[in-house]
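Chains, contacts and geometry: an overview
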Amino acid sequence: MAAAHTYDVTVEWTGNLGSGTDGYRSFSRDHEVLADGKPGIAASSDPAFRGDPARWNPEELLVASVAQCHMLWYLHLCAVGGVAVVDYEDHAHGTMTMDASGGGGQITGVLLRPEVTVADASMAEKARALHGEVHAVCFIARSVNFPITHAPVIRVAEG
């Protein structure tokens, strides 16, 4: 029997400005994303949909989840594959495309742009190649229906 892992979060709307949702413009999209024992995440909708630009929105959190899962699996594959990564930073980019009616949309792609520094030049090619193996094992990548591409930059630590 396959193992199952479960994840429980609470999303709590904090945007009642006094009259609830009696009109499209009468309420805030602000909310908190909560989980036991963790600090809350201040969230809202995308500013294009009347959200607060100072708060995380669901689309950003989805792109972040893709980037996090890729990084964690990549670091694992490097560790077991003999590649010593000493620094990693990803500037991920997601695209949402609206449908023709303008009433909905979907994430149509995520581009990961990891900048990886390895300890030795002899590790650079393997470090680049391992990015291509992540998609097969990353839980998030295996769960979404949009393409995830990557354009890694591999650097060698200065001696």
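Above this text sits the structure in question.
All of the points below concern the structure found in this document.

What counts and how
- Residues numbered from 1 in each chain as written.
- Predicted model: local features only at pLDDT ≥ 70, side-chain atom pairs only at ≥ 80, totals over all residues.
- Heavy atoms only, no water.
- 1 Å grid on protein atoms, 1.4 Å probe; cavity = no way out; pocket = protein on both sides within 12 Å on 5 of 7 lines; lining within 4 Å.
- Points joined across faces, edges and corners; volume = space filled by probe spheres on them.
- Helix = DSSP H or I, 4+ residues; strand = E, 2+ residues; numbered from the N terminus.
- Nonpolar A, V, L, I, M, F, W, Y, C, P; charged D, E, K, R; others polar.
- Pairing = 2+ DSSP bridges.
- Axes fitted to C-alpha atoms, helices over the stretch in contact; angles between N-to-C directions.
- Core = buried A, V, L, I, M, F, W, Y, C linked by side-chain atoms within 4.5 Å.
- Buried < 20%, exposed > 50% of the residue type's maximum accessible area, 1.4 Å probe, protein only.
- Contact = heavy atoms within 4.5 Å.

Looking now at the layout of surface pockets. Reported here for the largest pocket is a volume of approximately 950 Å³. Residue lining of the largest pocket: 23 residues in total, with Tyr7, Val9, Lys38, Ser65 and Gln68 positioned closest to the centre. Mapped by element, the contributors of at least two residues to the lining of the largest pocket are β2 (31-34) and α1 (58-81). Looking at which element gives the most residues to the lining of the largest pocket, the answer is α1, with seven residues. Of the residues that constitute the lining of the largest pocket, the class distribution is 16 nonpolar, five polar and two charged.

Within a sheet, each strand pairs with its neighbour through backbone hydrogen bonds, oriented either parallel or antiparallel. Ordered in space as β4-β7-β9, the three strands form an open sheet in which the pairing is mixed. Edge positions in the sheet fall to β4 (85-90) and β9 (153-156), since each has one partner strand and no second. Between one strand axis and the next, the sheet turns by 15 degrees as a mean value, whatever way the strands run. Judged from the four bridges that link them, strand β7 (residues 114-118) and β9 form a sheet pairing that is parallel.

Moving on: the nonpolar core. For soluble globular proteins, the rule of thumb is that nonpolar side chains tend to be buried together. Counting 24 residues, the largest nonpolar core has Tyr74, Val83, Val110, Val118 and Ile154 as its most contacted members. Elements with a minimum of two residues in this core: α1, β6 (105-112), β7 and α2 (124-134). Examining the composition of this core, we find that seven residues originate from one element, α1, more than from any other. Each residue touching Tyr74, except ones within four places of it in the same chain, is listed here: Val85, Tyr88, Val116, Ala127, Leu130, His131, Val134 and Ile154.

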